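The lines below spell out each chain.
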Amino acid sequence: MQETIKKSGKFQFLEVGEGKPILILHGLMGGLSNFQGVTDYFPSKGYKVIIPMLPIYDLPLLKTNVKEFAKYVNQFISHLGLTDVTLLGNSLGGHIGLLVALLYPKNIKGLIITGSSGLYENSMGEYFNPGESVKDRAALFIVQDAIKRKLISKGGTIVEGTAGNTGIGLAIVCKEYDLKLKIVIPITQSIEKKETLKKLGAELIEVDAVPYADPKNYIKQSKQIAEDLNKTTSNGVYWANQFDNTINTEAHIQTTAEEIWSQTAGTVDGFTCAVGTGGTLAGVSIGLKNKNKNIRIALSDPMGSSLYSHIKNNKLESSGTSITEGIGTGRITKNFDKALVDDAFQTDDTEALNLVYDLIEKQKIVLGGSSGINIAGAIKLAKEMGPGKTIITI
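Residues numbered from 1 in each chain as written. Predicted model: local features only at pLDDT ≥ 70, side-chain atom pairs only at ≥ 80, totals over all residues. Heavy atoms only, no water.

J.: For this particular structure, what's the right way to read the overall build of the protein chain?
T.: Counting its regular elements, the protein chain contains 13 helices and 15 strands. Within the protein chain, the fraction of its 394 residues that count as buried is 52%. Within the protein chain, contacts between residues at least 6 apart in sequence are counted, and of these 69% link residues at least 24 apart. Summed over all atoms, the accessible surface of the protein chain reaches about 18100 Å², with 50% contributed by carbon and sulfur. (Helix = DSSP H or I, 4+ residues; strand = E, 2+ residues; numbered from the N terminus. Buried < 20%, exposed > 50% of the residue type's maximum accessible area, 1.4 Å probe, protein only. Contact = heavy atoms within 4.5 Å. Areas by Shrake-Rupley, 256 points an atom, 1.4 Å probe, with all protein chains shown as cover.)

Pasting the structure below:
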């Protein structure tokens, strides 16, 4: 593919191919070697690759004010008259791209933040949701569905068993719709989650952490509480039932999968994430495979969960333990049963935590253990699929 160096005003840039523009933001020192294959891959898919070169990178400015550099990139885009731009960057370039997309969204169509070694390992920043997790999506759809079907009305009560994040999403949504919320949560869950739920107005019922087969399992107790409460409440009581309520899956078909497809400009090759309810993996797998059946879907599973064995050996068997919260399970939920899974990876806590601390130290991103499991799975899937592939995780 013919590479052409162009100059317009104070801006100099490399341009390859014809079609929809992808702007490469390659970090402080240029770092073009980090994008080997980009100038072959994207033009072959019908995109024009644009890579700004010095002097667009004003190093003293970059070191003191990243927002000013985002403004500078926007000036570059405007000067060239670019529209519907997809931004692609790794490390600092990725963070600059995120700022450009947030501050100057007018001409931006999508954002891809890549990993290392020529493998495009991207993550959806679900911490930008109001409740700071992917669970906000299911929470909103579950409540709206219950209201639409007239199963609950203003002043009614939502009851749910949750390890925390779905509860936080429900608490935010319930406030919006003037609903009460009762959360049944294992006593082992983090203090931070419990305190957040209380501050958002949820009533917490803490119970012992026991397997799903036990009648006192937090999920089964939440169902019983909802049934008992419904006998004495006039405005309706609704058991959210995130694990087996397939509106959860629908939420990710309609939102998460669509956003991944749009924001990668249809170049996504693989997706992986861990499973709690199974809604995210199921919904994204269905949504993406509806657009391209060749997109590879993989489960990222912690130790102590039975799903890795289920995918690999068709047996629900577990080994080891994990400190991660809200992921891994020993049963097939109605949501997970819908998932279109091609492969599975298993990750121990040491590997996951090393990735979490690496992100804190090197990229100043603070995430939890489940994100470590997801990122480990994304790296494994990327290595399996090879260089030049776009891999997405949560």
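J.: Just to check I follow, could you spell out the pattern of salt bridges for this structure?
T.: On inspection of all chains with the given rule, the structure shows 16 salt bridges. When the shortest N-O distance is used, the salt bridge between Lys-193 and Glu-325 registers 2.9 Å. Of this pair, Lys-193 sits in helix α7 (residues 191-199) while Glu-325 sits in the loop between α11 (307-313) and β14 (343-347), and the two are 132 residues apart along the sequence. The exposure class of Lys-193 is buried, given its relative accessible area of 14%. The partly exposed category is assigned to Glu-325, whose relative accessible area is 25%. As a salt-bridge pair, Lys-380 and Glu-351 come within 3.4 Å of each other at their nearest N and O atoms. With a gap of 29 residues between them, Lys-380 in helix α13 (residues 369-385) and Glu-351 in helix α12 (residues 349-363) connect regions that are remote in the sequence. Sharing partners across several salt bridges, the network here consists of Arg-296, Lys-312, Asp-343 and Glu-384. (Salt bridge = Lys/Arg side-chain N within 4 Å of Asp/Glu carboxyl O.)

J.: What should I look at first to understand the packing of helix α5 (residues 135-148) against helix α9 (residues 247-263) in this one?
T.: Packed helices, taken two at a time, are described by their axes: the angle between them and the distance between them. At a closest axis distance of 8 Å, the pairing of α5 and α9 adopts a crossing angle of 130°. Considering the angle they form, α5 stands oblique to α9. For the pair α5 and α9, the crossing hand works out as right-handed. Here Arg-137, Ala-138, Phe-141, Ile-142 and Asp-145 of α5 lie close against α9, whose contacting residues are Ile-247, Asn-248, Glu-250, Ala-251, His-252, Gln-254, Thr-255, Thr-256 and Glu-259. (Axes fitted to C-alpha atoms, helices over the stretch in contact; angles between N-to-C directions. Parallel < 35°, antiparallel > 145°, perpendicular 65-115°, else oblique. Left-handed = near helix turned anticlockwise from the far one by under 90°.)

J.: So what exactly am I meant to see when it comes to a nonpolar patch on the surface here?
T.: Judged by side-chain polarity, Tyr-357, Ile-360 and Val-366 come together as a nonpolar surface patch covering roughly 320 Å² of accessible area. Within the element layout of this structure, Val-366 appears in the loop between α12 and α13. (Patch = residues over 30% accessible without salt bridge, like charges linked within 9 Å, V, L, I, M, F, W, Y side chains within 5 Å.)

J.: Quick question: what am I supposed to make of the sheet that holds strand β8 (residues 157-161) here?
T.: Two pairing modes exist for strands in a sheet, parallel and antiparallel, and in both the strands are linked by backbone hydrogen bonds. Ordered by their spatial adjacency, 4 strands build an open sheet running β10-β9-β8-β11, and the pairing between neighbours is parallel. Edge strands, defined here as strands with exactly one partner in the open sheet, are β10 (203-207) and β11 (237-239). Strand-to-strand twist of the sheet, defined as the mean angle between neighbouring strand axes without regard to direction, takes the value 20°. Helix α6 (residues 165-176) rests against β8 and β9 (180-186) of the sheet, and its axis sits at about 175° to β9. (Pairing = 2+ DSSP bridges.)

J.: Is there a simple way to explain the packing of aromatic side chains in this structure?
T.: Here the distance between the centres and the angle between the planes together describe a pair of aromatic rings. For the structure shown, the criterion picks out 4 aromatic pairs. With a centroid separation of 5.3 Å and an interplanar angle of 85°, the aromatic rings of Phe-11 and Phe-76 are classed as edge-to-face. With Phe-11 in strand β2 (residues 11-16) and Phe-76 in helix α3 (residues 66-79), the pair connects residues that are 65 residues apart, well separated along the chain. Here the aromatic cluster, defined as three or more aromatic residues joined through ring pairs, consists of Phe-11, Phe-13, Tyr-72 and Phe-76. (Phe/Tyr/Trp six-rings, centres within 6.5 Å; stacked < 30°, edge-to-face > 60°.)

J.: Quick question: what am I supposed to make of the pairing of strand β3 (residues 20-25) here?
T.: Every other side chain in a regular strand lies on the same face of the sheet, so the side chains alternate between the two faces. Counting buried residues in β3 gives 5 out of 6 residues, a clear majority hidden from the surface. Of the pairings in the sheet, the one linking β3 to strand β4 (residues 47-53) comprises 4 bridges and is parallel in character. Its bridge partner being in β4, Ile-22 is matched across the sheet by Val-49.

J.: Mind showing me how you'd approach the side chain of Asp-343 here?
T.: Along the polypeptide, Asp-343 turns up in strand β14. A relative accessible area of 8% means that Asp-343 is categorised as buried. Excluding its chain neighbours within four sequence positions, the residues that come into contact with Asp-343 are Arg-296, Ile-297, Ala-298, Leu-299, Ile-311, Lys-312 and Glu-384.

J.: Even after reading the chapter, I still don't get the nonpolar core, so can you show me in this structure?
T.: Counting 21 residues, the largest nonpolar core has Ile-158, Leu-170, Leu-181, Ile-183 and Leu-197 as its most contacted members. Residues contacting Ile-183, with those up to four places away along its chain left out, are Glu-160, Thr-162, Gly-167, Leu-197, Ala-202, Glu-203, Leu-204 and Ile-205. Formed by 20 residues, the second largest nonpolar core is a distinct cluster that contains Val-134, Ala-282, Ile-297 and Phe-336. (Core = buried A, V, L, I, M, F, W, Y, C linked by side-chain atoms within 4.5 Å.)

J.: What am I meant to see in the packing of α5 against α6 here?
T.: One way to put it is that α5 packs onto α6 with a least axis distance of 8 Å and a crossing angle of 50°. In terms of orientation, α5 and α6 fall into the oblique class. Between α5 and α6 lies a crossing whose hand is right-handed. On the side of α5, the interface is formed by Lys-135, Asp-136, Ala-139, Leu-140 and Val-143, while α6 contributes Asn-165, Thr-166, Gly-169, Leu-170 and Val-173. In terms of residue class, the contact of α5 with α6 is made up of 5 nonpolar, 3 polar and 2 charged. (Nonpolar A, V, L, I, M, F, W, Y, C, P; charged D, E, K, R; others polar.)

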